[in-house]
Amino acid sequence: MRSVVITGASTGIGWAAAKFLIGRGYRVFGSVRKQADADRLKGEFSDNFTPLLFDVTDEAAVLAAARQVREALGGETLAGLVNNAGIAVAGPVLELSADDFRRQMDINVIGPVIATQAFGPLLGADPSLKGPKGRIVMISSVAGRNGNPLSAPYCTSKHAVEGLSESLRRELMLFGIDVIIVAPGAVKTPIWSKAEEIDLSVYQNSPYLPALNKVMAFMMEIGAKGLPAERIAEIVFEALTAASPKVRYQITPDPLRHLIGAVLPKRMLDRIIAKRLGLLPH
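The name recorded for the protein chain in an unreviewed UniProt entry is SDR family NAD(P)-dependent oxidoreductase, from Bradyrhizobium arachidis.

Quick look at the structure:
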């Protein structure tokens, strides 16, 4: 039985990927931040699921979890690491605190770095382990190649994940470890419902308030129409198992809109987006 580590397994894409992989005969180690989530997942999944209790920004806790996984593997390699844990911070760059921006980068960028450093040896960088070399799947986003107004921290973090993945893929060729990006569009996950919880009262006197209200409404709308997380889980499985995987899988509920956005001149696209959100100068 091959084993996979998934960060951020409590809900959304991480939860769906864990369920899908267990159904395909894998043993899954899934990270959660709360004991209650660990207990819940143990009840929801089979004995082939082992919760790992850590926050991806806590290097000591992640390294401790890697030691736990190493012991469970008994000298075998890990089949995969799915760097999925992440959050989305919204707001105008001019008015967001540096700490908000830093938190976004810590979780979405430094988190995958910490996890990759901790679990990378188990994927085959450690020559003492036996078995096929593993793969790393990086959960990025269509925002990894686009910049959306009022969600700069999230877009910045996903651009960074794309650059990290490109560099890492070439570095890890030395060990035969592949790195594959999965970049979904809107997915029906709790990240969208959490948008409702964003406190816009701090922006009551901001010139960006009308645009922020429109962005929040748009986020809720596309979240409701998003892809099921199970569809992304299928892509994660393909990335981990295909004989010749792509370097990047992009999947969206509205591919035509993304295609149009990719071919339109940037200045034209800027004006379309700005007009829709009320971001043109008065």
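Once the structure has been displayed, the description carries forward.
> I'd like to hear about the packing of aromatic side chains, residue by residue, with values.
Applying the stated criterion across every chain yields a total of four aromatic pairs. Between Trp15 and Phe45 the ring centres are 5.5 Å apart and the planes differ by 40 degrees, which places this aromatic pair in the tilted class. You can see Trp15 sitting in helix H1 (residues 12-23) and its partner Phe45 sitting in the loop between helix H2 (35-44) and strand E3 (49-53), a full 30 residues away along the chain. Note on Phe45: relative accessible area 9%, which makes it buried. In this structure an aromatic cluster arises from ring pairing among Trp15, Phe45 and Phe49. Across from the ring centre of Phe20, 4.0 Å away, lies the NZ or CZ of Arg24, which sits over that ring. Lying across the ring of Phe237, Arg24 places its NZ or CZ 5.8 Å from the centre.

> I'd like a description of the pattern of salt bridges, backed by residues and values.
Under the defined criterion, the tally for this structure stands at 11 salt bridges. Its salt-bridge partner being Asp126, residue Arg70 comes within 3.0 Å of it at the nearest N-O pair. Residue Arg70 is located in helix H3 (residues 59-73), and its partner Asp126 is located in the loop between helix H4 (98-119) and strand E5 (135-139); the two are separated by 56 residues in the primary sequence. Given the relative accessible area of 34%, Arg70 is considered partly exposed.

> Residue-level account of the sheet that holds E3, with values.
To summarise the sheet geometry, strands pair through backbone hydrogen bonds and adopt either a parallel or an antiparallel arrangement. An order of E3-E2-E1-E4-E5-E6-E7 is seen for the seven strands of this open sheet, with the pairing classed as parallel. Taken across any chain shown, the strands that pair with only one partner, and hence form the sheet edges, are E3 and strand E7 (248-251). Sheet twist, expressed as the average angle between the axes of neighbouring strands with direction ignored, equals 15 degrees. Along the sheet face, H2 touches strand E2 (27-32) and E3 and points at about 175 degrees away from the line of E3.

> Go over the packing of H1 against helix H8 (residues 229-241), please, and point to the residues and values.
Where H1 contacts H8, the axes come no closer than 8 Å and their chain directions differ by 60 degrees. In terms of orientation, H1 and H8 fall into the oblique class. Between H1 and H8 lies a crossing whose hand is right-handed. Contacts between H1 and H8 involve Gly12, Ile13, Trp15, Ala16, Ala17, Phe20 and Leu21 from the first element and Ala229, Glu230, Ile232, Ala233, Glu234, Val236, Phe237 and Leu240 from the second.

Reading guide: rules and limits
Residues numbered from 1 in each chain as written. Predicted model: local features only at pLDDT ≥ 70, side-chain atom pairs only at ≥ 80, totals over all residues. Heavy atoms only, no water. Phe/Tyr/Trp six-rings, centres within 6.5 Å; stacked < 30°, edge-to-face > 60°. Helix = DSSP H or I, 4+ residues; strand = E, 2+ residues; numbered from the N terminus. Buried < 20%, exposed > 50% of the residue type's maximum accessible area, 1.4 Å probe, protein only. Lys NZ or Arg CZ within 6 Å of the ring centre and 35° of its normal. Salt bridge = Lys/Arg side-chain N within 4 Å of Asp/Glu carboxyl O. Pairing = 2+ DSSP bridges. Axes fitted to C-alpha atoms, helices over the stretch in contact; angles between N-to-C directions. Contact = heavy atoms within 4.5 Å. Parallel < 35°, antiparallel > 145°, perpendicular 65-115°, else oblique. Left-handed = near helix turned anticlockwise from the far one by under 90°.

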